[in-house]
Amino acid sequence: MTPTLVSPASSDRTNPAPDSTVEKLLAEQGYFDHYDDEKIAVLQFNSLSELGRAVTYRFIEWVQRNPRGVCSLPTGKTPEYFIRWMNHLLEHWDTPEIAQQVEAAGLGPERPDMSELYFVQIDDFFPMKERHPNRFLSYIQRHYIKNFGFDRNRALLMDFNALEWPENLSIDDLFPDQSIDLTLRTRAASNDLERLQQKAIITLDSYAMEYEQRIRDLGGIGFFLGGIGPDGHIAFNIRGSDFFSTTRLIHTNFETQAAAASDLGGIEISAKKAVMTIGLGTITYNPDTVAIIMAAGEAKAGVIAEAISGRSGIQNPASILQNLPNARIYLTNGAAIKLEGRRIANLPRTETIDDDMIVRTAIDLSVRHNSRIKDLIPEQIQSDPYGEFLLGRLAWSPERLQDHAHDVLTKRLKEGLAQKEGRRFLHTGPHHDDILLGLLPAIIHQVRSVRNEHNFAIMTSGFTSVPNQVIIEVVKDALECMRHWEFSRRWEAGYFNQSPQELRDRDVKDCLEALIVNNDEERTRAVSRRVVHSLMEIHECTGRDELESTAREVLEDASAQLPGAKDRKELQLLKGAIREFEEDLVWAHYGFEARKIHHLRLAFYTGDYFTEAPTRKDDLPPISALFESLQPDVLTLAYDPEGTGPDTHYKVLQALATYLEDNLEQHRDKLEIWGYRNVWHRFHPGDANMYVPVSANTLATLDHIFKKCYITQKYASFPSYMHDGAFSELMQQIYVEQYDTLRTALGEQFWLEQDNPRLRSTYGLLLVRKMSVDEFLAAAESLRGLIGHT
């Protein structure tokens, strides 16, 4: 049965709350539609900023009506725009502009006063250094108690340092390696330290029970705001959590550890931590609680759809919200893309049917029935809501739809095989390794023509992806290198007095030669020379003694630095320099000198927990200068238009979109744009229009280059939640899976019978979205409004 838009009388649970003026106004504005396969109310927004503003209004409304209520607000990256909007409104509440916005949102004119509210911390890691800035307790004190005005004495916080520990020891004494083993609950201790840790775990378990009781004594949580994890977790209630669970200390799963890696300095650290979290039963103890989950980006779409429309169960913890009448999920368009009911119900509103829609429908049918598109039977197409709609709107027969879809797929393959001639490519990546992972098969093909020109621009310094342990290792190697006779000869010969570009090329050449012959010792020396040059440049060292002293100071600094904390500027620069060396080394494999690799170091990338948006003043000038110098006619970019993946991706996209908008007439008819994706999200074949065949050799080359060149990534410290290992391994899987989809759609024989050897030897597929400037700007429009204009 085709899902339909539900009328207001048919579902009380999924209508605006009767006592919420904010929700009623959002419904009138079209954000609050409900469809009959959705078991939790959904509000859908065009952007993260828009979503954050709506959540802010709903929270303020609750505060105004519940001045002594109990609330829980989230930590991490999820509430960024909620916090930004809340701070903005509180700071300017008395201005006429905000007064007008407040009235239009359905709020009372009185300033929200949070001093008498009770605040409940949702979760935190354990153990953590007391001074670690990324402790969630520190986050709450910084953003909610200090900025929002909560009273510290009315806040129920997970302040583990205030507990009475065995033998009056500190947490650092009890857990010296900053890890905890919860099997000590059930197994015998093997030494004195473990016996103390057993007692400490009992202390924590007792504290969790008391914490839960205090929440219940307050009547439960009245307003809960949170995000959703890759396994459907809310708070840290990971997949498999009991719906009646209470506050407790638990270990997390791989997906959650991967998501937390950036906060803690790497998965090797997050995997050793436990978390204390309120339970699912804690969140739902008050049956009238207003529970709001925020989610953005297509990467969350699957788990969101399962929570909203799937069967309620422990396989998706967020599905417990189906039992709460005041539960809401606030989504961006991307996060809502797999809510089939609303997609199907909105089909009649479709204004234009294009090849993308036809291909998406045909591919989905092919995969569902494990059949070639041309072998689908008419009933399979006619019984599918999308197939039925296309046949009716286009007045086509099933056979015509099948033939057209097949032809479009073959056309897109031919586009991926096409050799460009006389083109000037500018390949851009938000971080180092993005271009390699997302576009290498296409680049390998296009560099074969000497008439093409290629330049590579890495937009940020990428220092946040460099673990402290890597810095410790390379600086130790550099100190050892300085004691070697070979280094002395180079120093005396003036090796380090060459120009920066000459040194870049020389270090890269030496390192590449060592890699080719598997000479690890010489490779280490080449890396060490780049580290030495970077130290000289960053710290303005001139003498050898001064250089060695500086290296030792850097070593001490990196060793003392808390993993995941923001680095000092000099350490950021060193980490960024190593990442830049890696990128130089990658493209040297294909003969590109340092002058072809541009490291822009955009200013918005600061290492702050909430990264600011790019600004016209600081971030557009280097982009403008690069375009003016290179005059590209093909621009490649990471195409994550709704915040999928790291926020740097869509902030770089914002900056590029704003530059092109400002220079539209100059580039409109001359520039072609290729959008790629890599490990953070992938295209549906219907959303890409160029399919580049990937050979077994290219798949192996991708993995080899990644692992040999990206020394900072050898520990896979910041993995995707989809794969426990190197990004190159995940990218291989993605390419192969994309090929498997097209192999099913076109049939095995299609590939085997091709005259083109590249098609016959295909083992993977790279999907690219080729766009004009106008098409790209239209796609980026929802994000472009977030860029700063200062």
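Values in this document were obtained by computation on a predicted structure and should not be read as measured data.

## Re the overall build of the protein chain
Helix and strand counts for the protein chain come out as 32 helices and 17 strands. Over its C-alpha atoms the protein chain spans a radius of gyration of 28 Å, differing by no more than 12% from the 28 Å that the globule rule assigns to 790 residues. Counting contacts in the protein chain only where the partners sit at least 6 residues apart, residues at least 24 apart contribute 80% of the total. Within the structure as shown, the protein chain displays about 31700 Å² of accessible surface, and the carbon and sulfur contribution to it stands at 48%. Here the protein chain carries 85 positive and 115 negative side-chain charges, and the mean point of each set is 2 Å from the other.

## As for the sheet that holds strand β12 (residues 453–458)
Spatially, β13-β12-β11-β14-β15-β17-β16 is the arrangement adopted by the seven strands of the open sheet, whose pairing is mixed. Strands at the two margins of the open sheet, each flanked by one partner only, are β13 (597–599) and β16 (690–695). Mean inter-strand twist for the sheet, computed between neighbouring axes without regard to direction, equals 25 degrees. Where strand β15 (residues 672–676) lies against strand β17 (residues 762–772), four bridges are found, and the strand directions are antiparallel. Paired with Trp674 across the bridge in β17 is Lys770. Packing of helix α28 (residues 727–746) onto the sheet brings it into contact with β16 and β17, and relative to β17 it is tilted by some 90 degrees.

## Considering helix α5 (residues 136–148)
Every buried residue belonging to α5 is among Phe136, Leu137, Ser138, Tyr139, Ile140, His143, Tyr144, Ile145 and Phe148, and all of these are buried. Tucked inside the fold, the buried residues of α5 contact α3 (80–91), β3 (118–120), β4 (123–126) and β5 (155–156).

## Section: the nonpolar core
If you look at the biggest cluster of nonpolar residues, it comprises 74 residues, and the most contacted ones within it are Leu436 and Trp587. Sorting elements by how many residues they give to this core places helix α18 (residues 468–482) first, with nine residues. The contact partners of Leu436, leaving out residues within four places of it in the chain, are Val586, Trp587, Leu702, Ile705, Phe706 and Tyr710. Residues Ile353, Phe389, Ala655 and Ile673 belong to the second largest nonpolar core, which totals 66 residues.

## Some points on helix α20 (residues 500–516)
Between its first and last C-alpha atoms α20 spans 24 Å; for 17 residues at 1.5 Å apiece the expected length is 24 Å, and the two agree. Among the residues of α20, Leu503, Arg504, Asp507, Val508, Asp510, Cys511, Leu512, Ala514 and Leu515 are the ones counted as buried. Buried-residue contacts for α20 involve α19 (485–492), α21 (520–539), α23 (569–588), β13 and α27 (696–709). One or two positions beyond α20, positive phi appears at Asn518, with a value near 55 degrees.

## Looking at the state of the cysteines
Two cysteines, two sulfur atoms, one covalent bond between them: this is a disulfide. What the rule picks out here adds up to zero disulfides. Between Cys541, a cysteine without a disulfide, and Cys481, which holds the nearest cysteine sulfur, the sulfur-to-sulfur distance is 15 Å.

How each quantity is defined
- Each chain carries its own residue numbering, running from 1 in the written order of its sequence.
- The predicted nature of this model means local features are confined to residues of pLDDT at least 70 and side-chain atom pairs, given and counted, to a pLDDT of 80 or more, with totals for whole chains, interfaces and linings taken over all residues.
- Heavy atoms throughout the structure, all of them, feed into the side-chain values; hydrogens and water do not.
- Numbering goes from the N terminus for both helices and strands, where a helix is a DSSP run of H or I of at least four residues and a strand is a run of E of at least two.
- Computation of the radius of gyration draws on C-alpha atoms alone. For the globule rule, the value is 2.2 Å times the number of residues to the power 0.38.
- Throughout, a residue-residue contact means that at least one pair of heavy atoms, one from each residue, lies within 4.5 Å.
- Per-residue and other accessible areas follow the Shrake-Rupley method at a 1.4 Å probe size, with only the shown protein chains counted as cover for residues.
- In this tally Asp and Glu are treated as negative and Lys and Arg as positive; neither His nor the chain ends contributes.
- Here the site of a charge means NZ on Lys, CZ on Arg, CG on Asp, or CD on Glu.
- Any two strands with at least two DSSP bridges between them are considered paired.
- With axes taken as lines fitted to C-alpha atoms, and helix axes fitted only over the stretch in contact, angles between N-to-C directions fall between 0 and 180 degrees.
- Here the term buried applies to any residue with accessible area under 20% of the maximum for its type, exposed to any over 50%, and partly exposed to those in between, with areas from a 1.4 Å probe on protein chains only.
- As used in this record, nonpolar core signifies buried Ala, Val, Leu, Ile, Met, Phe, Trp, Tyr and Cys residues forming a set joined through side-chain atoms within 4.5 Å.
- Here the expected span of a helix is defined as 1.5 Å times the quantity of residues minus one.
- Working definition: a disulfide is two cysteine sulfur atoms within 2.5 Å of each other.

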